[in-house]
Amino acid sequence: MSDAGTVHEHSPRTPAVHRARVVLDLGTSRTRSLSLDGFAIADRPSAVVVPSPESAAGIPVRPIRRGMVVDPGACLRLVHLVLQDAWLSGGRPLEHVMAAVPRAATGSDRQAVRAAVAEAAGCQVTLVEAPLAAAAGAGLDVGGPGPYLLLDVGAGIVEAVVVGGGAVSDAAALQLSATTSTGLLPDALDGVVEMTAGLLRRQPAHLRPAVRENGLTVTGGGALQTRLLDRLHTALRTRINAAPEPQHATVRGLLRLCLRPAAPVTAF
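Since we're looking at a predicted model, the values are computed, not measured. (Residues numbered from 1 in each chain as written. Predicted model: local features only at pLDDT ≥ 70, side-chain atom pairs only at ≥ 80, totals over all residues. Heavy atoms only, no water.)

1. A short note on the sheet that holds strand 1 (residues 20–26)
Spatial strand order, 3-2-1-8-9: five strands in an open sheet with mixed pairing. At either end of the open sheet lies a strand with only one pairing partner, and these are strand 3 (42–45) and strand 9 (124–129). On average, each strand axis in the sheet is inclined to that of its neighbour by 20°, with strand direction left out of account. As paired elements, strand 1 and strand 8 (residues 94–101) share six bridges and run parallel to each other. Across the sheet, the residue bridging to V22 is V97, located in strand 8. Helix 3 (residues 107–121) rests against strand 1, strand 8 and strand 9 of the sheet, and its axis sits at about 145° to strand 9. (Pairing = 2+ DSSP bridges. Helix = DSSP H or I, 4+ residues; strand = E, 2+ residues; numbered from the N terminus. Axes fitted to C-alpha atoms, helices over the stretch in contact; angles between N-to-C directions. Contact = heavy atoms within 4.5 Å.)

2. A look at the nonpolar core
Of all hydrophobic cores here, the largest spans 29 residues; its most connected members are L24, V79, L83, L94 and V97. Listed by contribution, the elements that provide at least two residues to this core are strand 1, strand 4 (48–52), helix 2 (72–86), strand 8, helix 3 and strand 9. In terms of nonpolar packing, the next biggest core, distinct from the first, is built from 26 residues, V153, V162, L176 and V211 among them. (Core = buried A, V, L, I, M, F, W, Y, C linked by side-chain atoms within 4.5 Å. Buried < 20%, exposed > 50% of the residue type's maximum accessible area, 1.4 Å probe, protein only.)

3. As for the environment of I59
With respect to the secondary-structure elements, I59 resides in strand 5 (residues 55–61). By relative accessible area, I59 is classed as partly exposed at 34%. When the C-alpha atoms of I59 and V48 are compared, they prove to be 8.1 Å apart, with 11 residues separating the residues in sequence. Among all residues touching I59, those that are not within four sequence positions of it are V48, V49, V50 and S52.

4. Examining the state of the cysteines
All told, the structure shown has zero disulfides when counted by the stated rule. Note on C123: no disulfide assigned, nearest cysteine sulfur contributed by C258 at a separation of 10.0 Å. Residue C258 is classed as buried on the basis of its relative accessible area, which comes to 1%. (Disulfide = S-S within 2.5 Å.)

5. Re the sheet that holds strand 12 (residues 167–175)
Strand order in this open sheet of five strands is 12-11-10-15-16, and the pairing throughout is mixed. Two strands bound the open sheet, and with one partner strand each, they are strand 12 and strand 16 (240–242). Ignoring strand direction, the axes of neighbouring strands in this sheet form an average angle of 20°. Pairing of strand 11 (residues 157–164) with strand 12, which is carried by eight bridges, proceeds in the antiparallel orientation. Residue pairing for strand 12: V163 is matched across the bridge by V168. Taken strand by strand, helix 5 (residues 186–201) contacts strand 10 (148–153), strand 11, strand 12 and strand 15 (216–219), and its axis lies near 155° from that of strand 12.

6. Focus on the pattern of salt bridges
Applying the stated criterion across every chain yields a total of eight salt bridges. Across the pair D170 and R202 runs a salt bridge whose closest N-O atoms are separated by 2.9 Å. Taken together, the residues D170 in strand 12 and R202 in the loop between helix 5 and helix 6 (208–214) connect sequence positions 32 residues apart. Linked by salt bridges that have partners in common, R30, R32 and D43 make up one network. (Salt bridge = Lys/Arg side-chain N within 4 Å of Asp/Glu carboxyl O.)

7. Here we look at the side chain of S52
With respect to the secondary-structure elements, S52 resides in strand 4. Non-local contacts of S52, meaning those with residues more than four positions away in its chain, are made with G58 and I59.

Remember that the coordinates give geometry; whether it matters functionally is a separate question.
Written out as structure tokens, the structure is:
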């Protein structure tokens, strides 16, 4: 055997570089993230400190408002922080980040999220509609025929959707001006109940019985508001199910979708 052959045969192999994957739920009030090989969901306020000539310590800024990016520079800072929270894999290079965006997000809103995440992570970015991810995180078979009715109650935006076949087939959204520690304000609560009931009413007649049979699943921090659940039960006359740990449903669902990349779920 030649010397070159001997060196090739007995040299230690270069170890394969295992790359990390992270899922990310950027919310108006809180942001959640998780590495696929992490042990716990990282949960932090959706706020960063930015330099200011008026304060040596800087000023706190919330780059996400009503579910949309309002300050791209601050959003980039926030994404850097949350990726550090989730990156529990020994500094391995990132391969893929899957992030949730509201169904109601415009093309420019989605592009702002994609740009911030791509610049901070330096890797492939997939965006998934937040209510679809929340449905997966709540344990619904989003790839099946459905139809499932889901209400995702965040601090800045509430979205009611009908899910089936791996996609959102119909949706309605209500942007919130304010919430309290106890949940939705009375006017917003009325609006959310009417919006959800209206979404159910406008479903085709042949689908309504199946939607009612499957009930309404509620996710997001607002699912902890008992008064909201009671009002929804009265208005919709169907079973109301609050997801376990509903504030983490979206990030849990992103994790499940990221682990099953071949799942028939619409992403963009």
